[in-house]
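Descriptive structure summary
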Amino acid sequence: MTQRFDWPADRPFTIAIDGPASSGKSTIGARLAADLELPFLDTGLLYRAVGKAVGETRIEDAAAAARAARSLDPTALDDPALHNETVGALASRVAVMPEVRQALLAWQRDFAARPGGAVLVGRDIGSHVCPAAPCKIFITATVEARAARRFEQLRALDDGVIHSAVLAELRRRDARDAARAIAPLVTPDDALVLDTTSLDVAATLEAARGFILERAARCR
Ligand code: C5P
């Protein structure tokens, strides 16, 4: 019989999942959260919602972006338009603004501290938002493997999509995420690293689940 996630309902247990764009971390995080029956927050959607709210014309206006971050309505996170490439690029531009990151920090930390546990996916959850999280997982893959996946996803929506443009945009986002002064994308020392270049979703889920159960048993 599969071992169950058994954690006291009155104590927080933060599962921090980080990784670069299109590494598969949101899929893995959402599946794990459903499986463990825990609430799930894809923090990329917060930055996407802020990027979309300010739009291309005001994208350099950090004060406007911080205002949008402070007044973010959680129902805005359900907008399917947040998942498109244009909004992803806007998100990575507001994500370099310290005022925006600061405005979104308390919200993420409150979510992470929910009693009974929570799963958060992002770039800086284990390194900056919740550095004391008992369970950190870093999901990665080569930029070529990530671009190939992203290309297939986008081609299902639009057959005019160009592979070299998808690869170039991922490289730009990787560089921006890794180089920013505040909370850059780094692999936390105490994270389990899963490289999905050669691991499929089932194998990644199995490894992540085993690690979570082991960490929960150790922290009880
Ligand atoms: O993960 P996703 O592609 O949806 O994230 C969009 C952008 O938001 C990323 O490129 C990154 O710049 C930013 N982000 C971040 N910190 C997070 C989550 C996302 O800086 N915790």
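Placed above this text is the structure.
Below: a short report on this structure.

How each quantity is defined
Residues numbered from 1 in each chain as written. Predicted model: local features only at pLDDT ≥ 70, side-chain atom pairs only at ≥ 80, totals over all residues. Heavy atoms only, no water. Salt bridge = Lys/Arg side-chain N within 4 Å of Asp/Glu carboxyl O. Helix = DSSP H or I, 4+ residues; strand = E, 2+ residues; numbered from the N terminus. Buried < 20%, exposed > 50% of the residue type's maximum accessible area, 1.4 Å probe, protein only. Near = heavy atom within 4 Å. Polar contact = N/O pair within 3.5 Å; in protein donor to acceptor, adjacent residues only side chain to side chain. Areas by Shrake-Rupley, 256 points an atom, 1.4 Å probe, with all protein chains shown as cover. Nonpolar A, V, L, I, M, F, W, Y, C, P; charged D, E, K, R; others polar.

Our next topic: the pattern of salt bridges. Throughout the structure, instances matching the rule amount to 15 salt bridges. Notably, a salt bridge pairs arginine 171 with glutamate 144, separated by 3.3 Å at the nearest N-O pair. Note that arginine 171 is positioned in helix α8 (residues 163–179) and glutamate 144 in helix α7 (residues 143–155), a separation of 27 residues in sequence. A relative accessible area of 43% places arginine 171 in the partly exposed class. Through salt bridges that share partners, Glu56, Glu60 and Arg93 make up one connected network.

Moving on, we get to unusual backbone geometry. Unlike most non-glycine residues, glutamate 37 shows phi in positive territory, near 60°. Its identity is not glycine, yet alanine 183 carries a phi of approximately 45°, on the positive side. Positionally, alanine 183 belongs in the loop between α8 and β5 (192–195).

Every one of the 15 residues lining the ligand counts as a neighbour, but Arg48, Arg101, Arg123, Arg173 and Asp177 are closest to it. Arginine 101 is positioned with one of its side-chain polar atoms (N or O) 2.8 Å from an oxygen atom of the ligand. Contact distances for the ligand include 2.9 Å between a nitrogen atom and a side-chain N or O atom of aspartate 124. In the complex, the protein chains occlude 96% of the 450 Å² of accessible area that the ligand would expose alone. Elements with a contribution of two residues or more to the shell around the ligand: α2 (44–54), α4 (85–94) and α8. Sorting elements by how many residues they give to the shell around the ligand places α2 first, with 3 residues. Of the residues contributing to the shell around the ligand, the split by class is 3 nonpolar, 4 polar and 8 charged.

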